[in-house]
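Survey of secondary and tertiary structure
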Amino acid sequence: MHLLSCWRAVARSVALAAPLLAVWPAQADAPQPPVAAKKPKDVSVHGDRRVDDYFWLREKDDPEVQAHLKAEAAYAEAWYQPYAAATDKLFEEMKGRIQQRDSAVPQRRGAWWYSSRIDVGQQYPVFFRTPAAGPGRQLDPKAPEQILVDMNELAKTRKFVNLNGLAVSPDDRLLAYGVDATGARDFELHLRDIATGEDRALTTTPHADAYVWAADSRTLFYIRHNEARRSHQLWRHQIGAAGPDVLVHEEPDELFNLMLTKSLDGRTLMLGSMAKDTQDWRVLPADQPEGRWREVLPRRAGVEYGITPVGRELLLRINDRGVNFRLLRLPMKPGTGPVVTAAALKAAKELIPHRANAMIEQVAAFKTHAVAQVREGGSVKLRLFPLAGGKPRDIVFQELAYSAVLGEQREFDAPRVRFAYNSLTTPPSTYEAELATGKLALLKVQPVQGGYDASLYASERLWVSAADGTRVPISLVYRKDKRKPGPQPLLLYGYGSYGIPMDPRFASSRLSLLDRGVIFAIAHIRGGGDLGRQWYLDGKLGKKMNTFTDFVACAQGLVDRGYTQPSQLIINGGSAGGLLMGAVTNLRPDLFKAVVAQVPFVDVINTMLDASLPLTTEEYIEWGNPNKPAEYAWMRAYSPYDNLKPAAYPAVLAKTAINDSQVPYWEAAKYVAKLRTVNTSRNPVLFDINMTAGHGGASGRFDALRETARTYAFMLQQWGLLNE
């Protein structure tokens, strides 16, 4: 992370700004935060008077804004300076748990085995493949590697690097991939000749979001986005063609984004159009690249469905009879009209009916079996269906709180399905299950260096009552010999948006907290998908306040049960989870010792009123449209920036990145500037900005780990545990 450490930069910024309304006298030798000038702008709507003093911080290229951001970075650096040695110690401790020379479990596709590896001291992985050996196409560990992409080479000329795609042509000769060099999700399309390692010159170098090859290995379809980062166009590129690329399809509705993929059997290309509450699909035979993309079902508001083609059949996951979806098997109709007719939908074989207590999350299909990932009671199981007929078989897991997710499948005729498993005490593990028997094979457990012993740690699942009586689950983990009979430091994490479940997952870096006596907990609040689709619907739009009151109930429940107390309770969330942090801190500033909000979405109303910003219009279905008075009222009740008020706030660390295209840096910058004017406590309020990254933070594994160490140093300092 590049941060200025010169105290003079802070002084220069303060000289440009208006005086701060200080509540507490400052210590003479302590660094003082920069002061953002107040430049009132009337942002009132619907007769509700709102004046934004810090709207001007949106002007990224304004020298005064740049000076202020650098001063904020310098102030954060100055605050951290006394803890530099402890932060370095944390980094080395976390780094010491990483197996620096590591590789992924190979997967076969056709005549090649694909994998990735990373070496000692490297920040990034190398993606490669090796030829399959013999008639059985076995993996030969001595076979020569063929490099696909070495991210370390890409990083030599870029401060940030991220990959998207890695789509190999059906003839195995060409690779399409995208490179983002800023963190703003602008992936530049590249075509590489795998044998020579040379990138082919393109007539244009479009920024593309997804890539799929047609069967001829000459035609590449890709998705492009507009200035608001809405993926709205499907293009066709033909290698060697004299003319420009062809626009094949455009999605006009600003609520929808396009996505592009291919069936596992390679026969069908699939184009999805998705809003937050509606989905539809088009398909194209992979051997007819200039053919017509046919819709599967006509778009219907509120109806979501997903397709998994298997030859001339479809597995259809659809919510037409309930929010948790049902799974159907039916033929694809030939011709030019919709692939699925109303009559076929009515007569389709139902593999899994809709159930109010079980959500069908995703489906994979092989030559002999289909596999459904089903969430029930807050946990996931995998269900195997023989396509030739017969009784389905469930793969059930023994731990109380865990994550089990279908991984990428590469081979249609594979006899096994691959999935990833981990829990709060079990490191990431790669498994395969025999499709015919359900028998499990453990392929790899991610090594944790330094002698990690899972038996030293314990995981629990608690349930607390929300404000309306709804039972909300909490997962937690701690080190057994550090568990005290009374309250102790506790970190509570939350997200609660977009229907995304926050399943319990392992993190080796988290051991640096657990080994110092910290309890880690996850609040599985409404708005997420932790208990199925209804759990999500009960925490969005007009019901969004449930997300925040659920989290407060979880925090209060942990205090009431003696796990912690407000003076030891730190909370953490990022992006929409950063919105959560801001909202609950406004609701109960007395309940928390400190707050860590990463890339926080806190300026809700101003952002959602600006249709030119990335994600805004498509987000109306998640938060509401503030141009409508009733929906504006929802947001006005919880928008963190708009609800800051004079109070004794906990310590706050707001982390962001200058190139974030999803939650712009100015949200956190404005929030921190305003918070300092109303905060009546002496607690620090830090704005820690990465001046070279985007929404996901630093891209290199060690750079990312340094960011984690820095965040943990803030938490441990607040707990008084930094030197332990």
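Throughout, a residue's number is its position along its own chain's written sequence, starting from 1. Whole-chain, interface and lining totals are the exception, using all residues; otherwise, since this is a predicted model, local features are given only for residues with pLDDT of at least 70 and side-chain atom pairs are given and counted only at 80 or more. Hydrogens and water are ignored here; the side-chain numbers use all heavy atoms of the structure.

**Observations concerning unusual backbone geometry**
Its identity as a non-glycine residue notwithstanding, Phe325 has a phi of 75°, on the positive side. Each helix is a run of H or I in the DSSP string that is no shorter than four residues. Each strand is a run of E no shorter than two, and both are numbered from the N terminus. Secondary-structure assignment places Phe325 in the loop between β21 (313–318) and β22 (326–331). A relative accessible area of 2% means that Phe325 is categorised as buried. Even without being glycine, Leu541 reaches a positive phi, approximately 50°. Looking at where Leu541 falls in the secondary structure, it is placed in the loop between α7 (533–537) and α8 (545–560). Take Leu541: its relative accessible area is 27%, and that puts it in the partly exposed class. Relative accessibility under 20% of the residue-type maximum defines a buried residue, over 50% an exposed one, and the middle range a partly exposed one, all with a 1.4 Å probe and only protein chains included.

**Quick word on the side chain of Lys544**
Take Lys544: it is sitting in the loop between α7 and α8. When charges are counted, Lys and Arg are positive and Asp and Glu negative, with His and the chain ends excluded. Think of a salt bridge as a Lys or Arg side-chain nitrogen and an Asp or Glu carboxyl oxygen that are within 4 Å of each other. It turns out Lys544 is buried and unbridged, and the closest side chain with the opposite charge, Glu622, is 4.7 Å from it. Polar contacts here mean pairs of N or O atoms no more than 3.5 Å apart (in protein, one a potential hydrogen donor and the other a potential acceptor; neighbouring residues in sequence count only if both atoms are side-chain atoms). At 2.9 Å, the side chain of Lys544 forms a polar contact with the side chain of Ser497.

**Considering the packing of aromatic side chains**
When two rings of Phe, Tyr or Trp (its six-membered ring) have centres within 6.5 Å they constitute a pair, described as stacked for plane angles under 30 degrees, edge-to-face for angles over 60, and tilted for the intermediate range. All chains considered together, the criterion is met by 16 aromatic pairs. Each ring, one from Phe397 and one from Tyr421, has its centre 5.3 Å from the other, and the planes form 35°; the classification is tilted. Residue Phe397 is located in the loop between β27 (393–395) and β28 (402–406), and its partner Tyr421 is located in strand β29 (residues 416–423); the two are separated by 24 residues in the primary sequence. We classify Phe397 as buried; its relative accessible area is 11%. The class of Tyr421 is buried, set by a relative accessible area of 7%. Here a set of aromatic residues connected by ring pairs shows up, and it is made of Phe397, Tyr402, Phe419, Tyr421 and Tyr431.

**Remarks on the environment of Glu631**
Mapping Glu631 onto the fold places it in helix α12 (residues 629–638). We classify Glu631 as buried; its relative accessible area is 17%. As for Glu631 and Arg561, which are separated by 70 residues in sequence, their C-alpha atoms are 37 Å apart. Look past the residues within four positions of Glu631 in its chain and what remains in contact with it is Gly624 and Asn625. There is a polar contact of 2.6 Å between the side chain of Glu631 and the backbone nitrogen of Asn625. Residues are treated as being in contact if the distance between any of their heavy atoms lies within 4.5 Å.

**Re the pairing of β29**
Most of β29 sits out of view: six of its eight residues are buried. Any two strands with at least two DSSP-identified bridges between them are counted as paired. When β28 meets β29, the two strands line up antiparallel, connected through five bridges. Directly across from Leu406, in β29, lies its bridge partner Phe419. As paired elements, β29 and strand β30 (residues 429–434) share six bridges and run antiparallel to each other. Looking at the pairing, Arg418 lines up with Glu432 of β30. Counting the residues that bridge the hairpin from β29 to β30 gives five residues.

**Brief notes about the confidence of the model for the chain**
The share of residues in the chain with pLDDT of 70 or more is 93%, and the mean pLDDT across the chain is 90. The predictor attaches a confidence to each residue, called pLDDT, with possible values from 0 through 100. Note that residues 1–28 has pLDDT below 50 and, in this model, 54 contacts with residues that lie over four places away or in other chains. Low pLDDT, under 50, characterises residues 693–697; the stretch is placed with 22 contacts to residues that sit more than four places away or in other chains.

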